[in-house]
Amino acid sequence: MAVPMRKISKRRTRMRASHHSIEARNLRDCPRCGTPAPGHRVCGKCGHYRGREVVSKED
């Protein structure tokens, strides 16, 4: 059975884990209403995606 040759130090473990942080979402402005929304998703306020209404929203 394979056994690790040496103990992995706390420093090496933490250096590896430093890349696992959460990143902020990239938001873009909706071309129709101007509300910040994630890219490639239906706008939550107006219900439009790529210039057409996908979800009917009543104002």
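None of these values were measured; they are calculated from a predicted model.

Peer 1: Tell me about the environment of Met-1, residues and numbers included.
Peer 2: Structurally, Met-1 can be placed in the segment before helix 1 (10-17). For the pair Met-1 and Arg-14, spaced 13 residues apart in sequence, the C-alpha separation works out to 27 Å.

Peer 1: Give a description of the environment of Asn-26 that names residues and reports values.
Peer 2: By the secondary structure assignment, Asn-26 is in the loop between helix 1 and strand 1 (27-29). Considering only alpha carbons, one finds Asn-26 and Ala-37, 11 residues apart in sequence, at a separation of 8.5 Å. Every residue in contact with Asn-26, bar those within four places of it in the chain, is listed here: Pro-38 and Gly-39.

Peer 1: Quick one: what's the story with a nonpolar patch on the surface, residue by residue and with numbers?
Peer 2: Among the surface-exposed residues, Val-42, Val-54 and Val-55 lie close enough to one another that they form a single nonpolar patch of about 210 Å² accessible area. Structurally, the position occupied by Val-42 is in the loop between strand 2 (36-38) and strand 3 (48-49).

Peer 1: Got a sec to walk through the state of the cysteines? Specific residues and values, please.
Peer 2: All chains considered together, the criterion is met by zero disulfides. Here Cys-43 is not cross-linked by a disulfide; its sulfur's nearest cysteine counterpart is in Cys-33, at 3.6 Å.

Peer 1: Requested: an account of the environment of Arg-25, with residues and values cited.
Peer 2: Along the chain, Arg-25 falls in the loop between helix 1 and strand 1. Judged by its relative accessible area of 62%, Arg-25 falls in the exposed class. Sequence separation between Arg-25 and Pro-38 is 13 residues, and the spatial gap between their C-alpha atoms is 7.3 Å.

Definitions and limits used
- Residues numbered from 1 in each chain as written.
- Predicted model: local features only at pLDDT ≥ 70, side-chain atom pairs only at ≥ 80, totals over all residues.
- Heavy atoms only, no water.
- Helix = DSSP H or I, 4+ residues; strand = E, 2+ residues; numbered from the N terminus.
- Contact = heavy atoms within 4.5 Å.
- Patch = residues over 30% accessible without salt bridge, like charges linked within 9 Å, V, L, I, M, F, W, Y side chains within 5 Å.
- Areas by Shrake-Rupley, 256 points an atom, 1.4 Å probe, with all protein chains shown as cover.
- Salt bridge = Lys/Arg side-chain N within 4 Å of Asp/Glu carboxyl O.
- Disulfide = S-S within 2.5 Å.
- Buried < 20%, exposed > 50% of the residue type's maximum accessible area, 1.4 Å probe, protein only.

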